[in-house]
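Summary of the model geometry
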Amino acid sequence: MVNRRHIRLKVMQSIYAMHQNGSDNLEKEEKFLFYSIDSIQDLYLVMLSSLIEICKKESQYLHLASKKHLATKEEKNPNEKFIKNQVFQILTENNSLSVALENRKINNWSLNDDYILLLLKDVKASDLYAKYMSNDVNTFAEDKDFIADLFAEVIVPNEKLYEYLEDDKLTWVDDIPLVNTQIVKQLKGLKNTEEGEFRVPRVYKDTEDKDFVKDLFRKTVLNEKALAKEYDGKTPNWDADRIAEIDTIILKMAICELLKFPSIPVKVTLNEYLELAKEYSTPKSSIFINGILDNLVKELEADKRLLKTGRGLM
């Protein structure tokens, strides 16, 4: 689920937090770093299970409405197209999802069902819902496209839901786009129950990515002074104490990758950290960082200190 760019972001945030807290407890901070990454799966499960809970709430509502003493004709014979959507069935009956929800003890919506009611209200007020419920099409393709669009266009943008997620775990704020993109991709790629099975993705693609978290964090933190010396004197018109702290962290991490991760291509390192600077630092940071790293790479190449292994790694 997590990619290398997101790993770099998490490491950057952890190092920044260490600086802000004045902490030098490497093991404690590393443990929290891994916790924050593992929690991404909890966010994934919370968001995905919201779909199941929305379906359950609507099913309960239709059932209770049909049992009213003075139920209308529509209430006695409701349109059940929404609650019978095949995607809801796949998610509800999926073993991988059920086991993950139980193992991770995800019960957010049973404790906060008012948010599900808010989401359901928005769903039923949407044009997507009106269009879906008004036609006679009953295919798996339509069901899948509807749920994928509903999730992306109605559930994800809900401000109350975002506030709830932010309050529940502050570390989730930057994980939300990653998780929502993963869910939309899976929903759009769903096959019916006869052709394939939905599976909860692993947090890490492989053990190498998990090792990358630890290596990047430790090698940067344990070598901060030495890494800082690499760009010292290469910041024209900028005193070291005037450089934004997040920029110094980005520089140290990038230099750490250049020097201590021989299998990662130079271009990949430069692109990744420039993107981090664009997203999380000042408007001019990416230009500033690009200039420093570009000159540093030339210097390291001239000094034969930039040792990369494998083909196409420069």
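A brief look at the structure comes next. (Residues numbered from 1 in each chain as written. Predicted model: local features only at pLDDT ≥ 70, side-chain atom pairs only at ≥ 80, totals over all residues. Heavy atoms only, no water.)

Here we come to the overall build of the protein. Looking only at helices and strands, the protein has 16 helices and 0 strands in total. Viewed in the frame of its principal axes, the protein has a C-alpha envelope of about 85 × 40 × 35 Å. Burial analysis of the protein (314 residues in total) assigns 48% to the buried set. Considering only residue pairs separated by 6 or more positions, the protein has 82% of its internal contacts joining residues 24 or more positions apart. Taken as a whole, the protein presents about 17,400 Å² of accessible surface, with 49% of it coming from carbon and sulfur. Between the averaged position of the 46 positive side-chain charges in the protein and that of its 53 negative side-chain charges there is a distance of 3 Å. (Helix = DSSP H or I, 4+ residues; strand = E, 2+ residues; numbered from the N terminus. Buried < 20%, exposed > 50% of the residue type's maximum accessible area, 1.4 Å probe, protein only. Contact = heavy atoms within 4.5 Å. Areas by Shrake-Rupley, 256 points an atom, 1.4 Å probe, with all protein chains shown as cover. Lys, Arg positive; Asp, Glu negative; His and termini not counted. Charge placed at Lys NZ, Arg CZ, Asp CG, Glu CD.)

Moving on, we get to the nonpolar core. Within the largest apolar cluster, 99 residues are counted, with the highest numbers of intra-cluster contacts made by Tyr44, Met47, Leu51, Phe82, Leu165 and Leu187. Here this core takes 16 residues from helix α2 (residues 26-66), the largest share from any one element. The contacts of Leu187, once residues within four sequence positions are left out, are Leu51, Val87, Lys144, Ile147, Ala148 and Phe151. (Core = buried A, V, L, I, M, F, W, Y, C linked by side-chain atoms within 4.5 Å.)

Moving on, we get to empty space enclosed by the protein. The gaps left among the atoms become clear once a water-sized probe is rolled over them. Taken as a whole and assessed by the stated rule, the structure comprises 1 cavity of 30 Å³ or more. Here the largest cavity defines a volume of roughly 30 Å³. Met47, Val156, Leu161, Tyr162, Leu165, Ile176 and Asn180 are the residues that line the largest cavity. If you list the elements that add at least two residues to the lining of the largest cavity, you get α10 (159-168) and α11 (176-188). Ranked by the residues each element gives to the lining of the largest cavity, the list is headed by α10, at 3 residues. (1 Å grid on protein atoms, 1.4 Å probe; cavity = no way out; pocket = protein on both sides within 12 Å on 5 of 7 lines; lining within 4 Å. Points joined across faces, edges and corners; volume = space filled by probe spheres on them.)

The tally for this structure, following the rule as stated, stands at 16 salt bridges. In this structure, Glu257 and Arg8 form a salt bridge, with 2.7 Å as the shortest nitrogen-oxygen distance. Placement of the pair is Glu257 in helix α14 (residues 245-260) and Arg8 in helix α1 (residues 4-21), with a sequence separation of 249 residues. On the basis of relative accessible area, Arg8 is assigned to the buried category, the value being 2%. Measuring nitrogen to oxygen at the nearest pair gives 3.0 Å for the salt bridge that ties Glu224 to Lys252. Here Glu224, found in helix α13 (residues 224-231), pairs with Lys252, found in helix α14; they are 28 residues apart in sequence, far enough to count as distant. For the pair formed by Glu224 and Lys252, the shared burial category is buried. Among the ionic contacts, a cluster of salt bridges with common partners joins Arg5, Arg8, Glu257 and Glu272. (Salt bridge = Lys/Arg side-chain N within 4 Å of Asp/Glu carboxyl O.)

This part takes up the layout of surface pockets. Roughly 330 Å³ of volume is contained in the largest pocket. Contributing to the lining of the largest pocket are Asn3, Arg5, His6, Leu9, Asp174, Pro177, Leu178, Glu275, Leu276, Glu279 and Tyr280. Broken down by secondary-structure element, the contributors of at least two residues to the lining of the largest pocket are α1, α11 and α15 (266-280). Ranked by residues supplied to the lining of the largest pocket, first place goes to α15 with 4 residues.

One pass over the full model with this rule turns up 8 aromatic pairs. Pairing Trp109 with Tyr164 gives two aromatic rings, centres 5.4 Å apart and planes at 40 degrees, and the pair type is tilted. Of this pair, Trp109 sits in helix α6 (residues 108-111) while Tyr164 is found in helix α10, placing the two residues 55 residues apart along the sequence. Among the aromatic residues, ring-to-ring pairing joins Phe82, Phe88, Tyr129, Tyr132 and Phe146 into one connected group. We note Lys81 situated over the ring of Tyr132; from NZ or CZ to the ring centre the distance is 4.4 Å. For the cation-ring pair, Lys219 lies above Phe261, with the distance from its terminal atom to the ring centre recorded as 4.8 Å. (Phe/Tyr/Trp six-rings, centres within 6.5 Å; stacked < 30°, edge-to-face > 60°. Lys NZ or Arg CZ within 6 Å of the ring centre and 35° of its normal.)

Backbone geometry at Lys105 places phi at a positive 55 degrees, although glycine is not the residue there. With relative accessibility at 67%, the residue Lys105 sits in the exposed group. Of note in this structure, Lys304 is not a glycine but carries a positive phi near 60 degrees. Note on placement: Lys304 falls in the segment after α16 (285-302).

Structural measurements only, silent on function.
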